[in-house]
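The residues making up each chain are set out below.
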Amino acid sequence: MKLEFDYSYMMAESVGREQGTSDAELASEVTRCQDIHARIKTRREQGELPFFDLPFAAAEVDEILHLADKVRQRFDDVVVLGIGGSALGTKAVMSALRPSWHNLVSPGDRNGLPRLFVLDNVDPDYVADHFELLNPERTCFLVISKSGSTVETASQFLVARDWLNANSCLNYREHFILITDPEHGLLRELAEREGIESCAIPAGVGGRFSVFTPVSLLPLACAGVDIVSLLKGAAAMAPQVCHDDLMTNPAYLNAVLQYLAYQKGARISVMMPYSNRLFGVADWFRQLWAESLGKKYALDGSVCHVGPTPINALGTTDQHSQVQLYMEGPFDKLVMFLAVGCFDQDFTMQSYPDMPALQYLEGHSMAELINAERRATATALARNQRPNLTLTLPDVSAASVGALLYWLQVQTLFAGYLFDVDPLDQPGVEEGKTLTYALMGREGFSEKRDEFEQLQAEVPRRVLSVDSVST
Ligand code: PA5
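Cut-off values and rules
- Residues numbered from 1 in each chain as written.
- Predicted model: local features only at pLDDT ≥ 70, side-chain atom pairs only at ≥ 80, totals over all residues.
- Heavy atoms only, no water.
- Helix = DSSP H or I, 4+ residues; strand = E, 2+ residues; numbered from the N terminus.
- Rg over C-alpha atoms; globule rule 2.2 N^0.38 Å.
- Areas by Shrake-Rupley, 256 points an atom, 1.4 Å probe, with all protein chains shown as cover.
- Lys, Arg positive; Asp, Glu negative; His and termini not counted.
- Charge placed at Lys NZ, Arg CZ, Asp CG, Glu CD.
- Pairing = 2+ DSSP bridges.
- Axes fitted to C-alpha atoms, helices over the stretch in contact; angles between N-to-C directions.
- Contact = heavy atoms within 4.5 Å.
- Near = heavy atom within 4 Å.
- Polar contact = N/O pair within 3.5 Å; in protein donor to acceptor, adjacent residues only side chain to side chain.
- Nonpolar A, V, L, I, M, F, W, Y, C, P; charged D, E, K, R; others polar.
- Expected span 1.5 Å × (residues − 1).
- Phe/Tyr/Trp six-rings, centres within 6.5 Å; stacked < 30°, edge-to-face > 60°.
- Buried < 20%, exposed > 50% of the residue type's maximum accessible area, 1.4 Å probe, protein only.
- Salt bridge = Lys/Arg side-chain N within 4 Å of Asp/Glu carboxyl O.
- Patch = residues over 30% accessible without salt bridge, like charges linked within 9 Å, V, L, I, M, F, W, Y side chains within 5 Å.

Undergrad: Give me the lowdown on the overall build of the protein, citing residues and values where you can.
TA: Scanning the protein from terminus to terminus reveals 17 helices and 12 strands. Taking 2.2 N^0.38 as the reference for a compact globule, 471 residues should give roughly 23 Å; the C-alpha atoms of the protein span a radius of gyration of 24 Å, in line with that estimate. With the C-alpha coordinates of the protein rotated into their principal frame, the extents come out at 65 × 65 × 60 Å. For the protein, the accessible surface area stands at approximately 22,800 Å², while carbon and sulfur atoms represent 52% of it. When the 39 basic and 61 acidic side-chain charges of the protein are each reduced to a single mean position, those positions are 1 Å apart.

Undergrad: Account for the sheet that holds strand β3 (residues 115-119), naming residues and giving values.
TA: With parallel pairing, the five strands of this open sheet are ordered in space as β3-β2-β4-β5-β6. Looking at strand neighbours, the two that pair on one side only are β3 and β6 (198-200), the edges of this open sheet. On average, each strand axis in the sheet is inclined to that of its neighbour by 20°, with strand direction left out of account. Summarising the sheet, strand β4 (residues 139-145) and strand β5 (residues 176-180) pair through five bridges and their orientation is parallel. Paired with L142 across the strands is I177, a residue of β5.

Undergrad: Give a description of the sheet that holds strand β10 (residues 309-312) that names residues and reports values.
TA: Read from one edge to the other, the open sheet built from five strands follows the order β1-β12-β11-β7-β10, with strand pairing classed as mixed. Edge strands, defined here as strands with exactly one partner in the open sheet, are β1 (4-6) and β10. Ignoring strand direction, the axes of neighbouring strands in this sheet form an average angle of 20°. With four bridges connecting them, strand β7 (residues 268-273) and β10 associate as parallel partners. Residue pairing in the sheet places S269 in a bridge with P310 of β10. Helix-sheet contacts for helix α12 (residues 279-293) involve β7, β10 and β11 (333-342), and the interaxial angle to β10 is about 170°. Packing of helix α15 (residues 398-418) onto the sheet brings it into contact with β1, β7, β11 and β12 (388-395), and relative to β12 it is tilted by some 150°.

Undergrad: Describe in detail the site of the ligand, supporting the description with residues and values.
TA: Taken together, the neighbourhood of the ligand is formed by 14 residues, with S145, K146, S147, T150 and Q287 sitting nearest. Here an oxygen atom of the ligand sits 2.8 Å away from a polar atom, N or O, in the main chain of K146. Contact distances for the ligand include 3.3 Å between an oxygen atom and a side-chain N or O atom of K433. Contact with the protein chains hides 92% of the accessible area of the ligand, taken as 380 Å² for the molecule alone. Here the residues of the shell around the ligand are counted per class, giving one nonpolar, nine polar and four charged.

Undergrad: Tell me about helix α16 (residues 427-439), residues and numbers included.
TA: Over its 13 residues, α16 extends 19 Å from the first C-alpha to the last, a length consistent with the 18 Å expected when each residue adds 1.5 Å. The elements touched by buried residues of α16 are α7 (151-166) and α17 (446-458). Looking one or two residues beyond α16, the residue adopting positive phi is G441, at roughly 80°.

Undergrad: I'd like a rundown of the packing of aromatic side chains, residues and numbers included.
TA: In this structure the tally under the stated criterion is 16 aromatic pairs. Judged by centre distance (6.0 Å) and plane angle (85°), the ring pair of F141 and W163 falls under edge-to-face. Of this pair, F141 sits in strand β4 while W163 is found in helix α7, placing the two residues 22 residues apart along the sequence. In terms of burial, F141 and W163 fall into one category: buried. Look at Y252 and F414: their rings are 3.8 Å apart centre to centre, the planes differ by 15°, and that puts the pair in the stacked class.

Undergrad: Help me get a handle on helix α5 (residues 88-97), residues and values and all.
TA: In terms of residue burial, α5 counts as a mostly covered element, since eight of its 10 residues are buried. Within α5, burial applies to L88, G89, T90, A92, V93, M94, A96 and L97. Elements that come into contact with the buried residues of α5 comprise β3, α9 (214-222), α10 (227-241), α12 and α15.

Undergrad: Outline unusual backbone geometry, listing residues and values.
TA: Cis geometry marks the peptide bond from G315 to T316; its omega dihedral reads 0°. Its place among the elements puts T316 in the loop between β10 and α13 (323-328). You will see that H305, though not glycine, has its phi angle at about 45°, which is positive. Inspection of the secondary structure puts H305 in strand β9 (residues 303-306). The exposure class assigned to H305 is exposed, which follows from its relative accessible area of 57%. Even without being glycine, Q385 reaches a positive phi, approximately 60°. Turning to its location among the elements, Q385 is positioned in the loop between α14 (366-383) and β12.

Undergrad: Give me the lowdown on the pattern of salt bridges, citing residues and values where you can.
TA: Under the criterion given, the structure shown has 22 salt bridges. Residue E48 pairs with R43 through a salt bridge whose shortest N-O separation is 2.7 Å. Its relative accessible area of 35% is what places E48 among the partly exposed residues. Notably, a salt bridge pairs D344 with R277, separated by 3.1 Å at the nearest N-O pair. Here D344 is found in the loop between β11 and α14, whereas its partner R277 is found in the loop between β7 and α12, with 67 residues between them in sequence. Under the relative-accessibility criterion, D344 is labelled exposed at 57%. Residues joined in a network through salt bridges with shared partners are R173, E189, R193 and E194.

Undergrad: Mind laying out the side chain of S292, listing which residues take part and the relevant values?
TA: Looking at where S292 falls in the secondary structure, it is placed in helix α12. When its relative accessible area of 0% is taken as the criterion, S292 is described as buried. For S292, the side chain forms a polar contact with the main-chain oxygen of L288, separated by 2.6 Å. Here S292 is in contact with R208, F209, Q287, T412, V421, D422 and P423, once residues within four sequence places are set aside.

Undergrad: Report on a nonpolar patch on the surface, specifying residues and quantitative values.
TA: A contiguous nonpolar patch, built from Y352, M355 and L358 and spanning about 310 Å² of accessible area, is present on the exposed surface. Position of L358 relative to the elements: it lies in the loop between β11 and α14. With a relative accessible area of 38%, L358 lands in the partly exposed category.

Laid out in structure tokens, this is it:
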């Protein structure tokens with residue numbers, strides 16, 4: 001089983017010197033890569049980057065499988081309450097590895113596995129719509145927050161608890177599992193004080209690097225995803241992306257190619273899977289890349305304002321939407337295609353009598369078509385001097401998805417050092433969180449509230465109000 005990384009169309013020889021990367025430019029990064037690798041290695045030895053070792057924690061997996069088994073016996077529906085890194089990995093893997101109809105069919109048709117919903121917002125309509133679907137007696141909520149204090153998750157927890165109480169669930173505590181820091185935070189306190197079942201997110205693993213912890217593994221196992229193979233795939237990828245030879249380490253090489261393209265003006269990084277099942281991975285990666293690399297301060301504290309802007313597109317769907325822009329718009333994008341070598345299912349097209357215009361499709365398969373369209377788009381982009389690269393998975397299996405996620409996490413960490421920023425923090429997100437606490441009247445944040453009001457008062461209001469039709 002091989003994942004293939006094709007970067008032919010990143011190079012100057014195919015997209016021109018202005019947009020493309022030369023061998024000399026790659027060679028000039030070799031020593032820096034060795035230095036960065038050495039820094040990562042030291043940090044790992046000091047226990048600072050535990051996400052690297054997650055795929056090897058077999059004992060914890062047994063515990064997760066055991067707990068998932070208990071959940072499956074007692075409940076029909078599992079609902080994740082969490083946001084950002086506490087939700088996106090689960091959504092990505094679920095949509096890759098369970099059929100899109102998983103939540104739509106009867107329990108018998110999904111082998112008695114629970115439905116899995118991920119509520120990663122506090123839109124009350126969205127939450128209420130889900131409650132209407134669920135039977136409180138048969139619903140388990142997985143409340144997931146590393147910090148234990150994220151306002152969206154706290155709010156969802158309170159609302160879910162009220163909903164259970166209002167629907168006469170005798171002991172609401174039995175309907176919750178809290179997944180949080182092993183020692184700190186509000187959720188940990190709740191787990192201990194109320195005796196609610198809980199799981200620990202290993203210390204030092206941040207939200208967007210937590211897909212191989214109970215954060216995602218527990219909900220995924222509940223819904224029948226083969227988490228053992230997922231982790232095996234990640235573990236098999238580890239040695240291939242954890243060495244310092246730039247030209248044979250695909251995670252480092254991809255990070256360097258992206259970094260060099262950014263320096264030449266490709267400030268937008270598009271991830272475009274030619275597979276509906278992998279579209280969630282693009283969404284997960286969008287957060288990983290953006291939150292890890294988009295920073296105001298460099299590692300030495302100087303102001304830098306760096307970071308590529310990740311966006312998602314879906315092949316072939318977005319060929320009829322955004323590709324026109326990628327092909328002819330500004331030279332500010334780099335496209336990373338995700339391809340699938342072998343789809344699980346396929347269709348062969350038959351002839352249609354007396355329709356010569358359809359004849360060229362006869363005998364071809366749909367998988368062949370989607371891959372032909374991807375190759376055609378990649379080549380056309382290159383001919384228009386648009387750098388692009390393709391990462392091909394042999395199939396969309398638990399092992400290959402695990403391998404891909406591991407690769408992309410290592411790539412992101414490494415890219416952080418290339419951009420000279422801390423890929424593990426998110427001070428910009430924290431600022432918004434504190435202002436929200438202030439606006440919602442949380443104790444200890446009154447100064448922030450004054451600050452907010454002052455800022456508001458200084459801004460002249462420019463608001464238009466237009467009539468709308470009431471129905
Ligand atoms: O990657 C991150 O650290 C963030 O996206 C967090 O996952 C997100 O803000 C939610 O935080 P928490 O898990 O603490 O509730």
